[in-house]
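Listed here are the chains, written in short residue letters.
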Amino acid sequence: KSIDFEKINLKKIIGFLIVGFSILFIFEYSRSKIIRNENIFAIPKLKEMAAQKVLVVKAEDSSENFRKDAYLSLYKILYALKKDYPKIKEAPIRVRFTKTEKGTTPNLICYALPILQTVSALPVVNLTNLPLVRLETWDYGTVAQILYKGPHAKKTTTLERLFTFIEKKGYSITNGLEEEYRKG
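Residues numbered from 1 in each chain as written. Predicted model: local features only at pLDDT ≥ 70, side-chain atom pairs only at ≥ 80, totals over all residues. Heavy atoms only, no water.

Enquirer: I tried to follow the side chain of glutamine 52 on my own but got confused; where do I start?
Expert: Residue position: glutamine 52 is located in strand S2 (residues 52–58). Within the structure, the side chain of glutamine 52 is placed 2.9 Å from the backbone oxygen of isoleucine 115, a separation counted as a polar contact. Apart from the residues lying within four places of it in its own chain, the contact partners of glutamine 52 are Arg94, Pro114, Ile115, Gln117, Glu136, Thr137, Trp138 and Tyr140. (Helix = DSSP H or I, 4+ residues; strand = E, 2+ residues; numbered from the N terminus. Polar contact = N/O pair within 3.5 Å; in protein donor to acceptor, adjacent residues only side chain to side chain. Contact = heavy atoms within 4.5 Å.)

Following this line, the structure appears as structure tokens:
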């Protein structure tokens, strides 16, 4: 198909340029926010959650070495459980903190891995020099959640957005803060 240059006028050219620059600006603006790890798509939501059976390691400290040992203990037990419960799937690690309020830094309480509700006992596994793993059921109910993607050190703004959302909805935090570490 050939272009009829007589039908193209200055208004159409300006219109195409405005649309093109607008698209370019939106793309570059979004890209720059993502590069700076700003969480532009984090929208808080309320969700109903049922009680969940979990493998738990109580935190002795928040050091990286303890965290690695806690993960190792949890996964050793999880993979031992898979022998008797082949339907167990690997889920993201959860970390539960003390009761948290705006402007305070939460203290770590424990690391956990969700498992099947039908698990009633833990297998015997050699955890020499590793933290003890316990079987617990965590109660939930109505929870507020928000997605944060970025470095741990920059999550304060997202947490403040979540706390403000909880206040505006007329709720309060009762069981502390919980994070779920997704892959990717």
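Back to the write-up after that little detour.
Enquirer: For this particular structure, what's the right way to read helix H2 (residues 64–84)?
Expert: For an α-helix, 3.6 residues make a turn, and residues three or four places apart therefore share a direction. Taking 1.5 Å per residue, 21 residues should reach 30 Å; H2 reaches 31 Å between its end C-alpha atoms and fits that length. Within H2, burial applies to Phe66, Ala70, Ser73, Leu74, Tyr75, Ile77, Leu78, Ala80 and Leu81. (Expected span 1.5 Å × (residues − 1). Buried < 20%, exposed > 50% of the residue type's maximum accessible area, 1.4 Å probe, protein only.)

Enquirer: Sorry if this is basic, but what is going on with the environment of glutamate 48 here?
Expert: Relative to the helices and strands, glutamate 48 resides in strand S1 (residues 45–49). Sequence separation between glutamate 48 and tyrosine 140 is 92 residues, and the spatial gap between their C-alpha atoms is 7.7 Å. Among all residues touching glutamate 48, those that are not within four sequence positions of it are Gly141 and Thr142.

Enquirer: Quick question: what am I supposed to make of the nonpolar core here?
Expert: Side chains that are nonpolar tend, in soluble globular proteins, to be buried together. Counting 26 residues, the largest nonpolar core has Leu55, Leu74, Leu78, Leu81, Leu113 and Val133 as its most contacted members. At the level of elements, S2, H2, strand S3 (93–97), strand S4 (108–114) and helix H3 (156–168) are the ones that each hand at least two residues to this core. If we skip the residues at most four places from it in the chain, leucine 55 touches Leu74, Ile77, Leu78, Leu81, Tyr111, Ala112, Leu113, Ile115, Leu122, Val133, Arg134 and Leu135. Val54, Val56, Trp138 and Tyr140 belong to the second largest nonpolar core, which has 7 residues in total. (Core = buried A, V, L, I, M, F, W, Y, C linked by side-chain atoms within 4.5 Å.)

The quantities given are spatial measurements derived from coordinates; they are silent on function.
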